[in-house]
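Results of the structural survey
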Amino acid sequence: WLSVPGGTIQPGEFLKVWFVMFLASRLVRKRKILDELQFYLGFMIIVSIISLIFFFIPDLGTVLVLLSAALIMFRYAGGKGYYIIVTLILWIFASLFAAAQFDYIGKRFDYFFSPTTDEGDRGIGRQTQQALIAVGGGGRIGKGYGKWLQKFGYIPEAQSDFVFAAFSEEIWFIGNIILLSLYFLLAFFFLQKLPGIKDPYDKVLWVGLLSLIIMQMFINIGVNIKLMPLTWLTLPFVSHGGTALIVNMVEVVLMYKIIKEK
């Protein structure tokens, strides 16, 4: 966060959009040599530098979103499948190294793989445990709008990072199906327009922007139901937060603009 007159902003949110713009430009300009090892090494160096910046901030959630979007864009632009496999293997080793070098990442990984490291759920495990209680407490139809209990001091950041868990307690299965359907409808609406886009740069950029939204959604929900380690990542269009919401809207506007100017 950075303090500015009138409030605070998250520069990392704007960097996501810049990153996919830069990466789309590079992938399109170098599309004839995507299969060459030299290009792949350069691609990995660029992605690694950006990742290290966010590791030191620290912002693990943004790292995961950017890495996912970069890999999707690389593959869509024509990158070979074996490079994708190599990249995933390298990311596994990089994650283990990061867990050893960055204390905040190590604690999250330790609890994710071994919950007994925080048996009392008073440290790093408290957020996840309270979120699971909220998700499970909603039942099939939820407790009703405004009747959630976990938001009253139990779930930390219930308005942002764990808003999915708080939402689940109110309107669980039905509400979650509706929420996920809206995300999938958003993706379907844009994906069916993709064949009509002629400019190669616009197509790769468009895929990157959509990847940012959808991957952030999957990661946030995965954290809320403990399918992923804690990341402190917001849920697009739902979580409270001015910078994140503005950037989400910018991404949608850019995608819509590309479609209209196809």
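Residues numbered from 1 in each chain as written. Predicted model: local features only at pLDDT ≥ 70, side-chain atom pairs only at ≥ 80, totals over all residues. Heavy atoms only, no water.

Overview of the overall build of the chain
A count of helical and extended segments in the chain gives ten helices and two strands. Overall, the chain shows an N-to-C arrangement of helices and strands of β-β-α-α-α-α-α-α-α-α-α-α. Counting every position in the chain, which comprises 262 residues, the buried fraction comes to 45%. Intrachain contacts of the chain at a sequence separation of at least 6 include 68% that bridge at least 24 residues. Here the chain displays about 13,700 Å² of accessible surface, and carbon together with sulfur accounts for 67% of that area. (Helix = DSSP H or I, 4+ residues; strand = E, 2+ residues; numbered from the N terminus. Buried < 20%, exposed > 50% of the residue type's maximum accessible area, 1.4 Å probe, protein only. Contact = heavy atoms within 4.5 Å. Areas by Shrake-Rupley, 256 points an atom, 1.4 Å probe, with all protein chains shown as cover.)

Remarks on a nonpolar patch on the surface
A cluster of nonpolar side chains, namely Phe173, Ile174, Ile177, Ile178, Leu182 and Leu185, defines an oily patch on the protein surface of about 590 Å² accessible area. On the secondary structure map, Leu182 appears in helix α8 (residues 173-191). Under the relative-accessibility criterion, Leu182 is labelled exposed at 52%. (Patch = residues over 30% accessible without salt bridge, like charges linked within 9 Å, V, L, I, M, F, W, Y side chains within 5 Å. Salt bridge = Lys/Arg side-chain N within 4 Å of Asp/Glu carboxyl O.)

Considering the pattern of salt bridges
Here the structure, examined in full by the defined rule, presents one salt bridge. Residue Lys16 pairs with Glu13 through a salt bridge whose shortest N-O separation is 3.4 Å. With Lys16 and Glu13 both in helix α1 (residues 11-29), this residue pair falls three residues apart, about one helical turn. Since its relative accessible area comes to 7%, Glu13 is described here as buried.

With respect to the packing of helix α7 (residues 163-170) against helix α9 (residues 200-224)
It is at 8 Å that the axes of α7 and α9 come closest, and there the two elements cross at 65 degrees. Taken together, the axis directions place α7 and α9 in an arrangement best described as roughly perpendicular. Together, Val163, Phe164 and Ala165 of α7 and Asn220, Ile221 and Asn224 of α9 make up the contact between the two elements. For the contact of α7 with α9, the per-class residue count stands at four nonpolar, two polar and no charged. (Axes fitted to C-alpha atoms, helices over the stretch in contact; angles between N-to-C directions. Parallel < 35°, antiparallel > 145°, perpendicular 65-115°, else oblique. Nonpolar A, V, L, I, M, F, W, Y, C, P; charged D, E, K, R; others polar.)

Examining empty space enclosed by the protein
Per the stated rule, a full pass over the model turns up five cavities of 30 Å³ or more. When its volume is computed, the second largest cavity comes out at roughly 40 Å³. In terms of lining, the second largest cavity is formed by Thr234, Leu235, Pro236, Phe237, Val238, Ser239, His240, Gly241, Ala244, Leu245 and Asn248. Residues belonging to the lining of the second largest cavity are distributed by class as follows: six nonpolar, five polar and no charged. (1 Å grid on protein atoms, 1.4 Å probe; cavity = no way out; pocket = protein on both sides within 12 Å on 5 of 7 lines; lining within 4 Å. Points joined across faces, edges and corners; volume = space filled by probe spheres on them.)

Examining the confidence of the model for the chain
Detailed reading of the predicted coordinates is not advisable wherever pLDDT is low. When pLDDT is averaged along the chain, the result is 80; 78% of the residues meet or exceed 70. Of all secondary-structure elements in the chain, the lowest mean pLDDT belongs to strand β1 (residues 2-4), at 65, while α9 reaches the highest, 91. (pLDDT = per-residue confidence, 0-100.)

Re the environment of Gly79
Looking at the element boundaries, Gly79 is found in the loop between α3 (60-77) and α4 (81-101). You can call Gly79 buried: its relative accessible area is 0%. Distance in space between the C-alpha atoms of Gly79 and Tyr40 is 8.7 Å, their sequence separation being 39 residues. Not counting the four nearest positions on each side in its chain, Gly79 is found in contact with Leu34 and Phe74.

Focus on the packing of α3 against α9
It is the contact of α3 with α9, at a shortest axis distance of 8 Å, that shows an interaxial angle of 140 degrees. As for how α3 packs across α9, the hand of that crossing is right-handed. Touching Leu64, Val65, Leu66, Ser68, Ala69, Ile72, Met73, Tyr76 and Ala77 of α3 are Lys203, Val204, Val207, Gly208, Ser211, Leu212, Met215, Gln216 and Ile219, all from α9. In terms of residue class, the contact of α3 with α9 is made up of 13 nonpolar, four polar and one charged. (Left-handed = near helix turned anticlockwise from the far one by under 90°.)

Here's the deal with the nonpolar core
Grouped together as the largest cluster of nonpolar side chains are 63 residues, with contacts concentrated most on Phe19, Leu27, Phe43, Phe74, Trp206, Leu235 and Met255. At the level of elements, α1, α2 (37-56), α3, α4, α7, α8, α9 and α10 (242-260) are the ones that each hand at least two residues to this core. Ranked by residue count, the leading element in this core is α9, at 13 residues. With residues near it in sequence (within four places) discarded, Leu27 still touches Leu34, Phe39, Met73, Phe74, Ala77 and Val204. (Core = buried A, V, L, I, M, F, W, Y, C linked by side-chain atoms within 4.5 Å.)

Focus on the side chain of Gln216
Here Gln216 lies in helix α9. Residue Gln216 is classed as buried on the basis of its relative accessible area of 2%. Polar contacts involving the side chain of Gln216 include one to the main-chain carbonyl oxygen of Thr234, which spans 3.0 Å. Those residues within four positions of Gln216 in sequence are excluded, and the remaining contacts are Lys16, Val65, Ser211, Leu233, Thr234 and Pro236. (Polar contact = N/O pair within 3.5 Å; in protein donor to acceptor, adjacent residues only side chain to side chain.)

A look at α10
For α10, with 19 residues, the first-to-last C-alpha span of 27 Å sits near the 27 Å given by 1.5 Å per residue. Those residues of α10 not exposed but buried are Thr243, Ala244, Val247, Asn248, Glu251, Val252, Met255, Ile258 and Ile259. (Expected span 1.5 Å × (residues − 1).)

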